Amino acid sequence: MTVGDSKHSYQRGSIRAAQLLHHFGPGAIVDLPDGSFITNAVDQWKFKHNQIREEDHDAVMSAFNQKPIRLLNSNPEAIRTKVSRFPIWRFCPNCGSMTDQPRRTFCTNPKCEPLGVKYAPMRFVTVCRKGHISDFPWVKWAHQEHNVCDKPRLRLMTDKGTLSSSYKTMRIICSNCEAPPVSLARIKEKGELERVTGKKCAGTKPWILHHQAETCDAEMTVALRGETKLHIPNVQSVITLPLKTASSEAIYQEIDKKYELFKNTWSNFSSEQKMVMLKGLLSDGDWTENDIQKGVHYLDSNRQLDDISFGSIKQRELSAWKHTKTAPLQEKDCQAERVPVPEDWTDYISHITRVDLMREVRALTSFNRLKYADSFVERKAGDGVSIFKNHTNWYPGIEIFGEGIFIELNPEMIEEWESRDSVKRIFESQLARFQQKRLKRDQAEIELYPRHILLHTFAHALIRAFAETSGYSSTSLRERLYFENGAASVLIHTAEGDSESSLGGLIELAKPEKMSLMLKRAIELTEYCSSDPTCLEGGQDRKAAACHCCLFLSETSCEWNNELLDRRTLHPKLSDDHLAFFNL
């Protein structure tokens, strides 16, 4: 899609739709051919009839506060994304002269003008946790020991005789007055910004056009312009299974199967007649009085489900994958079928589903600065810094068609594994340390068990194994973990938003003879790490035995930011304490 300047009609560059949902979304700094810019608020972009209301997909509407998703990748050429220059302050790499004129591209110094030297963006910006971001106060910093002159002319200097690019060797000087050069060595020290500017936060939002600075009591922090913590997108995803297909209640599933028998006459009956009729139609099941009442309410509400949230939607997804034990799932946007578990693995794995087609909708609802959102806790759509200037009734998103493999670990074996004294001693203490870590981040304690470490490690090992033979890289695969109602299941699916997501290479591995090899390979990959013995010794010191060389994945593939991983949960040779779930 086109990226254009907020004040001018010409094109600045182009960005893929998926990038706008992640690293280059509203409020993010993006490098374009003409320099450094910040992406404007979503409602300040230009669209040409690109909104798609997911009328048939109740899960999407319910998960996003009944707001439709405007799909950016359905017609990207019809979208013009606006940007504003940021940071405003730039410098000449040749002579060091600085400018705050956004429309000036080349240095005007007589020595540099014949050479056509372009201004480069200043390295530092200031940011606060509430989302405000602004240029570093260069003018005030250069005049700390002198009154600010009428027409400051700043220049960035490096200490003579040094080849270092460290900011501690840099100085700012004003050529228009007698203010002495000021070192940048203290710009990151606590309290320095407030001392120089007289306020904690500038309160500016340069990604919102014509935004007036607001009062903010959060402390401003100096950060490098390219740091990832300056823009942390809050992207939420939903697999578009109709909720009636993925009902968490078994009674709903039975009603859906027989709905055609009474859909035209249901409204003609009284409440007592409805109870009697439903009991008769569902007489082949062991239903309680409460189940029948739920069924009546379900039909009275036109089969609409109440209290929808991301947690309940994931529960319904889990129900849908597990429902393939009795019948294949054949929906417009989702086709899945149960496949046999390899004979050697029936003790450890209770169910495998091959997902031939699935549609995932991802939407950007907000973003954070400096502080990552809690990936272990369900959050409401819109929590965080707003991506809009004004209130709107939609979110930007993308649709992804792909394939996947769903695997459910044997719940009885998991309970037996968690009951081992060695597992309790090692992994429960590991979880306790993780809870302490959460408290230090101002995050609440959550309910965690050793199975969370086991399944998460298993998912990462599977992705690494699948990446070797499926034709997809590990960054093109993604995990989706299910722990609802004591489950321990994972869906490994393709994560790219283009045709590469449906090549068929992943579902080919679901065949029993190939799946057996893949499961074995996944466990084998955890036996050795190029950082051993450091990695493994970290585990023996009651720290997690996992690192970038063996288990860590890209942030787009992992739901939990590479936390709660330990190789010892999978491979029996890594510990003498019987910590491994698998014993093959």
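Keep in mind the model is a prediction, meaning the values are calculated, not measured.

### Description of the overall build of the protein
Scanning the protein for helices and strands turns up 13 helices and 24 strands. With 584 residues in all, the protein has 53% of them scored as buried. Counting only contacts in the protein whose residues sit at least 6 apart along the sequence, the fraction spanning at least 24 positions is 68%. Carbon and sulfur atoms provide 47% of the accessible area of the protein, an area that totals close to 27600 Å².

### Examining the sheet that holds strand 16 (residues 182–183)
Overall, antiparallel pairing links the three strands, which are arranged 14-15-16 in an open sheet. Both edges of this open sheet fall to strand 14 (154–158) and strand 16, since each of them pairs with a single strand only. Both strand 15 (residues 170–174) and strand 16 contribute to a ladder of two bridges, which runs antiparallel. Paired with Ile172 across the two strands is Val182, which belongs to strand 16.

### Considering the pattern of salt bridges
Using the criterion set out here, one finds 27 salt bridges in the structure. Taking the shortest distance from any N to any O, the salt bridge between Glu563 and Arg441 comes out at 2.7 Å. In this pair, Glu563 is assigned in the segment after helix 13 (534–540) and Arg441 in the loop between helix 10 (421–440) and helix 11 (450–469), connecting sequence segments 122 residues apart. A residue is classified by how much of its surface remains accessible, and Glu563, at 11% relative accessible area, is buried.

### Remarks on the packing of helix 9 (residues 411–418) against helix 11
Helix packing geometry: the angle between the two helix axes and the distance between the axes. Relative orientation of the contacting elements helix 9 and helix 11 amounts to 120°, with a least axis distance of 10 Å. Classified by the interaxial angle, the pair formed by helix 9 and helix 11 is oblique. Here helix 9 and helix 11 pass one another in a crossing that is right-handed. Of the residues in helix 11, those in contact with Ile414, Glu415, Trp417 and Glu418 of helix 9 are Pro450, Arg451 and Leu454. Of the residues assigned to the contact of helix 9 with helix 11, the class counts are four nonpolar, no polar and three charged.

### Details of the packing of aromatic side chains
One pass over the full model with this rule turns up 16 aromatic pairs. Judged by centre distance (5.6 Å) and plane angle (75°), the rings of Trp207 and Phe367 are edge-to-face. A residue pair is termed long-range when its members are at least 10 positions apart, and Trp207 in the loop between helix 4 (192–197) and strand 17 (221–224) and Phe367 in strand 21 (residues 349–368) qualify at 160 residues. Phe367 carries the same exposure label as Trp207, and that label is buried.

### Describing the pairing of strand 21
Within strand 21, 16 of the 20 residues are buried, leaving the element largely enclosed by the surrounding structure. Direction of pairing for strand 18 (residues 232–239) relative to strand 21: antiparallel, over a ladder of eight bridges. Residue pairing in the sheet places Ile232 in a bridge with Asn368 of strand 21.

### Some words on the pairing of strand 12 (residues 124–127)
Burial along strand 12 is two-sided: Phe124 and Thr126 and Val125 and Val127, pointing in opposite directions, are all buried. The sheet contact formed by strand 12 and strand 13 (residues 133–135) spans three bridges and is antiparallel. Considered in strand 13, the bridge of Val127 is made with Ile133. Count of turn residues in the strand 12/strand 13 antiparallel hairpin: five residues, of which Gly131 carries a positive phi of about 105°.

### Let's talk about the side chain of Asn234
Examined against the element boundaries, Asn234 turns out to sit in strand 18. Given a relative accessible area of 2%, Asn234 falls into the buried group. A polar contact is formed between the side chain of Asn234 and the side chain of Ser366, at a distance of 2.9 Å. What Asn234 contacts, discounting residues up to four positions off in sequence, is Ala363, Leu364, Thr365, Ser366, Phe367, Asn368, Ala373, Arg379, Asp383 and Gly384.

### Digging into helix 11
Here helix 11 is 20 residues long and its end C-alpha atoms lie 30 Å apart, about the 28 Å a rise of 1.5 Å per residue gives. Taken across its 20 residues, helix 11 has 16 buried, putting it largely inside the fold. In the segment just after helix 11, Gly471 is the residue with positive phi, at about 90°.

### Quick look at the nonpolar core
Core analysis: the largest hydrophobic core is formed by 52 residues, its most contacted members being Ile407 and Phe466. When contributions to this core are tallied by element, the ones reaching two or more residues are strand 21, strand 22 (395–409), helix 9, helix 10, helix 11, strand 23 (477–482), strand 24 (489–494) and helix 12 (512–524). Excluding residues within four positions of it along the chain, Phe466 makes contact with Ile405, Leu477, Ile492, Leu506, Leu509, Met515 and Met518. Counting residues in each nonpolar core, the second largest holds 43 residues, with Ala17, Ala41, Trp45 and Leu230 among its members.

### Description of unusual backbone geometry
That bond from Phe86 to Pro87 is cis: its omega, -5°, falls within 30 degrees of zero. Its place among the elements puts Pro87 in the loop between strand 8 (79–85) and strand 9 (90–91). Geometrically, the link from Asp532 to Pro533 is a cis peptide bond, its omega value of 5° lying close to zero. When you line up the elements, Pro533 lands in the loop between helix 12 and helix 13. One non-glycine residue, Leu370, lies in the positive phi region at around 70°. In this structure, Leu370 sits in the loop between strand 21 and strand 22. On the basis of relative accessibility, which here comes to 17%, the residue Leu370 falls in the buried class. Of note, the phi angle at Asp442 is positive, near 65°, even though the residue is not glycine.

### Brief notes about the sheet that holds strand 11 (residues 120–121)
The sheet built from three strands is open, its strands ordered 10-9-11 with antiparallel pairing. Two strands close off the open sheet at either side, each with one partner strand: strand 10 (98–99) and strand 11. Pairing analysis gives two bridges linking strand 9 to strand 10, with the strands arranged antiparallel. Of the residues in strand 10, the one forming a bridge with Arg90 is Thr99.

### Brief notes about the confidence of the model for the protein
Per-residue pLDDT for the protein averages 82, and the proportion of residues at 70 or more is 86%. Scored below 50 in pLDDT, residues 52–56 shows eleven contacts in the model against residues more than four places distant or in partner chains.

### Describing helix 6 (residues 271–281)
Owing to its 3.6 residues per turn, the α-helix brings residues three or four apart onto one side. By the burial criterion, the buried members of helix 6 are Lys274, Met275 and Leu278. Buried residues of helix 6, seen end-on, are gathered within an arc of 100° and therefore sit on one face of the element. Seen from the open side of helix 6, the exposed residues pointing more than 90 degrees away from its buried face are Glu272 and Val276.

Parameters and conventions
- Residues numbered from 1 in each chain as written.
- Predicted model: local features only at pLDDT ≥ 70, side-chain atom pairs only at ≥ 80, totals over all residues.
- Heavy atoms only, no water.
- Helix = DSSP H or I, 4+ residues; strand = E, 2+ residues; numbered from the N terminus.
- Buried < 20%, exposed > 50% of the residue type's maximum accessible area, 1.4 Å probe, protein only.
- Contact = heavy atoms within 4.5 Å.
- Areas by Shrake-Rupley, 256 points an atom, 1.4 Å probe, with all protein chains shown as cover.
- Pairing = 2+ DSSP bridges.
- Salt bridge = Lys/Arg side-chain N within 4 Å of Asp/Glu carboxyl O.
- Axes fitted to C-alpha atoms, helices over the stretch in contact; angles between N-to-C directions.
- Parallel < 35°, antiparallel > 145°, perpendicular 65-115°, else oblique.
- Left-handed = near helix turned anticlockwise from the far one by under 90°.
- Nonpolar A, V, L, I, M, F, W, Y, C, P; charged D, E, K, R; others polar.
- Phe/Tyr/Trp six-rings, centres within 6.5 Å; stacked < 30°, edge-to-face > 60°.
- Polar contact = N/O pair within 3.5 Å; in protein donor to acceptor, adjacent residues only side chain to side chain.
- Expected span 1.5 Å × (residues − 1).
- Core = buried A, V, L, I, M, F, W, Y, C linked by side-chain atoms within 4.5 Å.
- pLDDT = per-residue confidence, 0-100.
- Arc of directions from axis to C-beta.

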